[in-house]
Amino acid sequence: MNNADFEFLRDFLYQRSGLALTPDKSYLLESRLAPIARKAKLASLTDLVAQLRQRADEALTIQIVEAMTTNETLFFRDRWPFERFTAMILPTLMEQNRATRRIRIWCAACSSGQEPYSLAMLLSEASARLAGWSIEITATDISEEMLARCHKGWYSTFEVQRGLPADLQKKYFTKEGDGWVISEKIRDMVKFRNFNLLQDPASIGLHGLDLIFCRNVLIYFDEATRKKVFAGMAKAMKANGYLCLGGAETVIGISDAFRILPGERGLFAVNTQAGVPPSAAAARPAPAPAFAAAGSRR
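Owing to the predicted nature of the structure, the values given are computational and were not obtained by experimental measurement.

Colleague: Tell me what's going on with the packing of aromatic side chains, and back it up with residues and numbers.
Modeller: Tallied over the entire structure, the rule returns eight aromatic pairs. Centroid distance Phe76 to Phe82: 5.3 Å. Interplanar angle 70 degrees. Geometry classified as edge-to-face. Since its relative accessible area comes to 3%, Phe82 is described here as buried. Centroid distance Tyr117 to Phe192: 5.5 Å. Interplanar angle 75 degrees. Geometry classified as edge-to-face. Of this pair, Tyr117 sits in helix α6 (residues 114–125) while Phe192 sits in strand β6 (residues 190–194); the two residues are 75 residues apart in sequence, bridging distant segments of the chain. For the residue pair Tyr117 and Phe192, the accessibility class agrees, reading buried in each case. Put simply, the rings of Phe75, Tyr155 and Phe173 touch in pairs and so form one group of aromatic residues. Residue placement shows Arg215 over the ring face of Trp80; its charged tip is 5.8 Å from the ring centre.

Listed below in structure tokens is the structure:
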């Protein structure tokens, strides 16, 4: 691939998905986009670039963006966010929302759905405590292919064995072919939507959120894009909302829309002192001790 083609594709992907590719990742473009060029009956990536330059092709654009999107995920990935959700975040949200008895959660960049379904299973396990509560889980991804997998709820034996506890597999999955399908009850708890993180969350009705999971995707964005995404998320959240990032991700030095929670890796709270108006400004800020009272993450 020549430099001009790489620069075009780099800018093309950045503008449409926020992905920031460096020259050392040119091999990824070649390996992932070559099959798309062949499918389009184009001889090379240079021909693919030429076609993109000549005219807008939405179908081809979607294929390119989806090919370059990393879809690695698994049930209860890294475990600690889900342990903290059960032991600390959910009880805190129940206390904060006891008047409305409503909790709204957004799983951003959900890939093939294991993360929102993991949360749905935990909420189902807590159903006795949540009787009479309205729980909304919205999961989004830029890839229509991944969203189709989410709706189907079918996972290979390998995918099910990666992180899913045996008791939850037995309770919520049924053998189907050479894989497993998640129960309709759990599927009905999650609403899946197509969404590009460069967009405004309000465009698909995301507002008044209590919790956002956005894990292991912002590492692929540059600082300017991360800052834009954080600002959009903060505006979509309640003043006492919480943000869960991947273990290697942070808001530090990028955005003051969220504040650090002492002793909590990857967990942040809306910073009501930052001047970013949250979607429910009247909600009272969550006191920092509420987290400390639940104990430290192991």
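Colleague: Lay out the confidence of the model for the protein chain with the relevant residues and their values.
Modeller: For the protein chain, mean pLDDT is 87; residues scoring 70 or higher make up 92% of the total. Here residues 280–298 is a poorly scored stretch, pLDDT under 50, and it has 35 contacts once near neighbours within four places are set aside; other chains count.

Colleague: Quick one: what's the story with the environment of Phe6, residue by residue and with numbers?
Modeller: Among the structural elements, Phe6 can be located in helix α1 (residues 3–17). Non-local contacts of Phe6, meaning those with residues more than four positions away in its chain, are made with Met1, Leu21, Thr22, Pro23, Ser26 and Leu29.

Colleague: I'd like to hear about the sheet that holds strand β2 (residues 134–141), residue by residue, with values.
Modeller: Taken together, the seven strands give an open sheet; going across it, the order is β6-β2-β1-β7-β8-β10-β9, and neighbouring strands pair in mixed fashion. Single-partner strands in this sheet number two, and they are β6 and β9 (258–260). Across the sheet, the mean angle separating the axes of adjacent strands is 25 degrees when strand polarity is ignored. The sheet contact formed by strand β7 (residues 209–214) and strand β8 (residues 237–245) spans five bridges and is parallel. Bridging across to β8, Leu209 finds its partner in Met237. Each of β1 (102–107), β7, β8 and β9 is contacted by helix α11 (residues 223–235), which is oriented at about 140 degrees to β8, the strand it contacts most.

Colleague: So what's going on with the sheet that holds strand β4 (residues 173–176)? Which residues, and what values?
Modeller: The three strands are arranged β3-β5-β4 in an open sheet whose pairing can be described as antiparallel. Two strands lie at the open edges of the sheet, namely β3 (154–156) and β4, each paired on one side alone. In this sheet, adjacent strand axes meet at a mean angle of 35 degrees when their direction is disregarded. Where β4 and strand β5 (residues 179–182) come together, four bridges link them in antiparallel fashion. Across the sheet, residue Phe173 finds its bridge partner in β5, namely Ile182.

Colleague: Which residues make up the environment of Leu48, and what are the values?
Modeller: Here Leu48 is to be found in helix α3 (residues 45–54). Of the residues examined, Leu48 reaches a relative accessible area of 0% and is grouped as buried. With 89 residues separating them along the chain, Leu48 and Ile137 place their C-alpha atoms 38 Å apart. Not counting chain neighbours up to four residues away, the residues in contact with Leu48 comprise Leu33, Ala37, Leu42, Leu60 and Ile64.

Colleague: Tell me what's going on with the layout of surface pockets, and back it up with residues and numbers.
Modeller: For the largest pocket, the calculated volume is near 420 Å³. Every residue lining the largest pocket is counted, 26 residues in all, and those nearest its centre are Thr69, Thr70, Ala109, Asp141 and Val217. In the lining of the largest pocket, the residues fall into 12 nonpolar, nine polar and five charged.

Colleague: Summarise the pairing of β5; cite the residues concerned and give the values.
Modeller: Looking down a regular strand, the side chains alternate between one sheet face and the other. On β5, burial covers both faces: Gly179 and Val181 on one face and Trp180 and Ile182 on the other are all buried. Where β3 lies against β5, three bridges are found, and the strand directions are antiparallel. Within β5, the position partnered with Trp154 by the bridge is Val181. The antiparallel pairing of β4 with β5 creates a hairpin that spans two residues between the two strands, and Gly177 there sits at a positive phi of about 65 degrees.

Criteria and thresholds
- Residues numbered from 1 in each chain as written.
- Predicted model: local features only at pLDDT ≥ 70, side-chain atom pairs only at ≥ 80, totals over all residues.
- Heavy atoms only, no water.
- Phe/Tyr/Trp six-rings, centres within 6.5 Å; stacked < 30°, edge-to-face > 60°.
- Buried < 20%, exposed > 50% of the residue type's maximum accessible area, 1.4 Å probe, protein only.
- Helix = DSSP H or I, 4+ residues; strand = E, 2+ residues; numbered from the N terminus.
- Lys NZ or Arg CZ within 6 Å of the ring centre and 35° of its normal.
- pLDDT = per-residue confidence, 0-100.
- Contact = heavy atoms within 4.5 Å.
- Pairing = 2+ DSSP bridges.
- Axes fitted to C-alpha atoms, helices over the stretch in contact; angles between N-to-C directions.
- 1 Å grid on protein atoms, 1.4 Å probe; cavity = no way out; pocket = protein on both sides within 12 Å on 5 of 7 lines; lining within 4 Å.
- Points joined across faces, edges and corners; volume = space filled by probe spheres on them.
- Nonpolar A, V, L, I, M, F, W, Y, C, P; charged D, E, K, R; others polar.

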